Number of protein chains: 2
Amino acid sequence: MPTDVHETMMEATYRALCANGFASLTMQDIADEADKSTSLLHYHYDTKQDLLVAFLRYLIERFEERFEDTEDEGPEERLRGFVSRMVPDDDGEDDYDRFGLAIMELRMQAPYEDAYREQLRTNEAVIRSRLADVVRDGIEEGVFREVDPDRTARLVFDALDGARSERVTVGADEAPAEVAAALDEFVFSSLLVAEGEADEGDETE
Amino acid sequence: MPTDVHETMMEATYRALCANGFASLTMQDIADEADKSTSLLHYHYDTKQDLLVAFLRYLIERFEERFEDTEDEGPEERLRGFVSRMVPDDDGEDDYDRFGLAIMELRMQAPYEDAYREQLRTNEAVIRSRLADVVRDGIEEGVFREVDPDRTARLVFDALDGARSERVTVGADEAPAEVAAALDEFVFSSLLVAEGEADEGDETE
């Protein structure tokens, strides 16, 4: 399938999920958003499930591209950047809420649908692994103290995920920003090796 | 309604949710688990929704009772105790997974059902508020450093909630224990005022 057709379909799926939610989403909704025929959609994706798995793969590929774009930044900046992209701003609130709810509803199908479960498991492992790599980089560069990188990544990911749940299900709108502030205070600030400590480390070399 | 009838119904609802999940749960399932007639169930609760809201209220009342039972413990022990009760052990794994999934499915109805949303919002606010009180106690007693109690409670609650999601939806079984370890490392250990600091504080008095 040509790249631009794929891109069009994936962007249409995103818009259709925001507009219709997950539960009632049809191939027709996605075709309408893409301004294509449902037969073209079915030509490329056998079932709605196949299309949604392709969409989850698209999401993680986009995440990887964006995360690679921050490679020139320092470890602290990259972690804070990740967190700030997970907190909705005034312009992005509607999409955060609609898409967040749709993706949670899709995820609630994971226990019953192997294909969703495997792809979501992969996506979440990739995100945690990129975050852990950044923590590892920071430790190697001597800017972060010695912590368990995977455990640190898990806390960051799960806390932001829990905050999104709280916001989109029970309307605790303040949860993502409050969790971001707490991660800043308890995790990122504590990761940084104090100036004095770094100097001491250098002296022993 | 007599207390023991209520208790019987609520325990039956718990067992029925574990056995049948949320989506297909019927009043008949609950009546069967309680060994009562559905007409008795309907006499006390007009609808399944009313019964489930009563069940959510029962859960938070039980939480409050259990949390009050730890009042004689110190702030650090109470926080760690809360976290350890949110991590399944070998005996409790099945119930954690089944009940965790059922309660997440109920929560996914919150955006569409005011009664669920209001009660879940209350439950989550109560839990966070009790945790924040413990942090506040620790600060007043001089064993914790000065942090924002509500923000700290939010991080603890949302991280454990995200970990449960990861486990019950995509099968990341290690998530709750890993988040508990991360909270221990980044939050609880960092809350404790170092012996030296506490002494210094005393000297200035």
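Chain A is annotated in an unreviewed UniProt entry as Transcriptional regulator of Halogeometricum pallidum JCM 14848.

Engineer: How should the domain arrangement of chain A be read in this particular structure?
Structural biologist: How big an interface is tends to be expressed through the accessible area that disappears when the partners come together. Residues and elements named next belong to chain A. Its domain assignment divides chain A into domain 1 (1-45) and domain 2 (57-203). The C-alpha centroid of domain 2 is placed 28 Å from the C-alpha centroid of domain 1. Taken residue by residue, the interface counts ten residues in domain 1 and nine residues in domain 2. Here domain 1 meets domain 2 over a buried area of about 920 Å², counting both sides, of which 70% is carbon and sulfur. Its largest share of buried area at the contact with domain 2, domain 1 owes to Tyr14, Cys18 and Phe22, together 60% of the area lost on that side. Our enumeration of links across domain 1 and domain 2 arrives at zero salt bridges. Where domain 1 packs against domain 2, one counts three residue pairs in polar contact (both at pLDDT 80 or more). Looking at the side of domain 1 that touches domain 2 residue by residue, the classes come out as seven nonpolar, one polar and two charged.

Engineer: Any chance you could explain the packing of helix α8 (residues 149-170) of chain A against helix α8 (residues 149-170) of chain B here in plain terms?
Structural biologist: The relative placement of two packed helices is expressed as an angle between their axes plus a distance between the axes. Packing of α8(A) against α8(B) leaves a shortest axis separation of 6 Å and a crossing angle of 95°. Our classification of the angle between α8(A) and α8(B) gives roughly perpendicular. Mapping the contact onto sequence places A:Arg154, A:Leu155, A:Phe157, A:Asp158, A:Ala159, A:Asp161, A:Gly162, A:Ala163, A:Ser165 and A:Glu166 in α8(A) and B:Arg154, B:Leu155, B:Phe157, B:Asp158, B:Ala159, B:Asp161, B:Gly162, B:Ala163, B:Ser165 and B:Glu166 in α8(B). By residue class, the composition of the contact of α8(A) with α8(B) is eight nonpolar, four polar and eight charged.

Engineer: It is not clear to me how the UniProt feature "DNA-binding region" (unreviewed entry) in chain A should be interpreted in this structure. Could you clarify?
Structural biologist: UniProt records the feature "DNA-binding region" (unreviewed entry) for residues 26-45 of chain A in the present numbering. Overall, residues 26-45 of chain A shows 75% helix and 0% strand. The separation of its end C-alpha atoms is 13 Å.

Engineer: So what exactly am I meant to see when it comes to the relation of the copies chain A and chain B here?
Structural biologist: Taken together, a rotation about one axis and a shift along it account for how the two chain copies relate. For the pair chain A and chain B, the best superposition has an RMSD of 0.0 Å and corresponds to a rotation of 180° with a translation of 0.0 Å parallel to the axis. The transformation just described matches what one would write down for a two-fold rotation axis. Of the interface residues in chain A, 100% have counterparts in chain B that sit at the interface too, so the contact is made through matching surfaces.

Engineer: Explain the confidence of the model for chain A to me, please; I cannot follow it from the model alone.
Structural biologist: Close reading of the predicted structure is inappropriate where its pLDDT is low. Taken as a whole, chain A shows an average pLDDT of 93; of its residues, 95% reach a score of 70 or greater. Low pLDDT (under 50) marks residues 199-205 of chain A, which in the prediction has zero contacts with non-local residues, meaning those over four places away or in another chain.

Engineer: Would you take a moment to explain the side chain of A:Glu178 for this structure?
Structural biologist: The topology assignment puts A:Glu178 in helix α9 (residues 175-191). If we ignore the near neighbours within four places in the chain, the residues touching A:Glu178 are B:Asp150, B:Arg151 and B:Arg154.

Engineer: Would you mind showing me how to read the interface of chain A and chain B here?
Structural biologist: Contacts between the two partners involve 46 residues from chain A, matched on the other side by 46 residues from chain B. Taken together, both faces of the contact between chain A and chain B bury some 3,800 Å²; the carbon and sulfur share is 57%. The largest contributions to the chain A side of the interface with chain B come from A:Met108, A:Val170 and A:Phe186, which together make up 19% of the buried area. At the surface where chain A touches chain B, the tally comes to ten salt bridges. Measuring nitrogen to oxygen at the nearest pair gives 2.9 Å for the salt bridge that ties A:Glu166 to B:Arg154. Inspection of the region where chain A meets chain B yields 18 residue pairs in polar contact (both at pLDDT 80 or more). Where the side of chain A that touches chain B is concerned, the elements lending two or more residues are α6 (93-107), α7 (114-140), α8 and α9 of chain A. When residues of the side of chain A that touches chain B are assigned to their parent elements, the largest contribution, 16 residues, is made by α8(A). Of the residues belonging to the side of chain A that touches chain B, the class tally is 23 nonpolar, six polar and 17 charged.

Engineer: I would appreciate a short explanation of the UniProt feature "domain: HTH tetR-type" (unreviewed entry) in chain A in the present structure.
Structural biologist: Feature annotation in UniProt places "domain: HTH tetR-type" (unreviewed entry) on residues 3-63 of chain A, given in this structure's numbering. A helix fraction of 80% and a strand fraction of 0% characterise residues 3-63 of chain A, whose end C-alpha atoms lie 17 Å from each other.

Engineer: How should I be thinking about α8(A) in this particular structure?
Structural biologist: Since there are 3.6 residues in each turn of an α-helix, residues three or four apart along the chain are aligned in direction. Residue and element names in this part refer to chain A. Spanning 22 residues, α8 covers 32 Å between terminal C-alpha atoms, matching the ideal 32 Å at 1.5 Å per step. For α8, the buried fraction is high: 20 of the 22 residues fall into the buried class. The backbone nitrogen of aspartate 150 has a side-chain oxygen 3.0 Å away, supplied by the residue at the start of α8, namely aspartate 148. The first or second residue beyond α8 is glycine 171, which carries a positive phi of 80°.

Engineer: Any chance you could explain the pattern of salt bridges here in plain terms?
Structural biologist: Two side chains with opposite charge may pair up if their charged atoms get near one another. Within the structure shown, the criterion is met by 37 salt bridges over all chains. A:Glu166 serves as the salt-bridge partner of B:Arg128, at 3.3 Å between the closest nitrogen and oxygen. Here the residue B:Arg128 occupies a position in helix α7 (residues 114-140), and A:Glu166 occupies one in helix α8, the pair thus bridging two chains. One exposure class covers both B:Arg128 and A:Glu166, and it is buried. The shortest N-O distance in the salt bridge between B:Arg107 and B:Asp161 comes to 2.9 Å. Placement of B:Arg107 in helix α6 (residues 93-107) and of B:Asp161 in helix α8 is noted, with a sequence separation of 54 residues between them. What makes B:Arg107 buried here is its relative accessible area of 5%. Three or more residues are tied together by salt bridges with common partners; here these are A:Glu64, A:Arg130, A:Asp133, A:Arg136 and A:Asp150.

Engineer: Explain the environment of B:Gln28 to me, please; I cannot follow it from the model alone.
Structural biologist: Residues and elements named next belong to chain B. Among the structural elements, glutamine 28 can be located in helix α2 (residues 27-34). Using a relative accessible area of 41% as the deciding quantity, one classes glutamine 28 as partly exposed. Each C-alpha atom of the pair glutamine 28 and alanine 163 lies 32 Å from the other, and the pair is 135 residues apart in sequence.

Thresholds, definitions, all that
Residues numbered from 1 in each chain as written. Chains lettered and ligands numbered in written order. Predicted model: local features only at pLDDT ≥ 70, side-chain atom pairs only at ≥ 80, totals over all residues. Heavy atoms only, no water. Domains from an automatic or database assignment. Contact = heavy atoms within 4.5 Å. Buried area = accessible area lost by both parts, 1.4 Å probe. Salt bridge = Lys/Arg side-chain N within 4 Å of Asp/Glu carboxyl O. Polar contact = N/O pair within 3.5 Å; in protein donor to acceptor, adjacent residues only side chain to side chain. Nonpolar A, V, L, I, M, F, W, Y, C, P; charged D, E, K, R; others polar. Axes fitted to C-alpha atoms, helices over the stretch in contact; angles between N-to-C directions. Helix = DSSP H or I, 4+ residues; strand = E, 2+ residues; numbered from the N terminus. Parallel < 35°, antiparallel > 145°, perpendicular 65-115°, else oblique. UniProt positions renumbered as here; feature names shortened; annotations may be inferred. Least-squares fit on C-alpha atoms with pLDDT ≥ 70 in both. pLDDT = per-residue confidence, 0-100. Expected span 1.5 Å × (residues − 1). Buried < 20%, exposed > 50% of the residue type's maximum accessible area, 1.4 Å probe, protein only.

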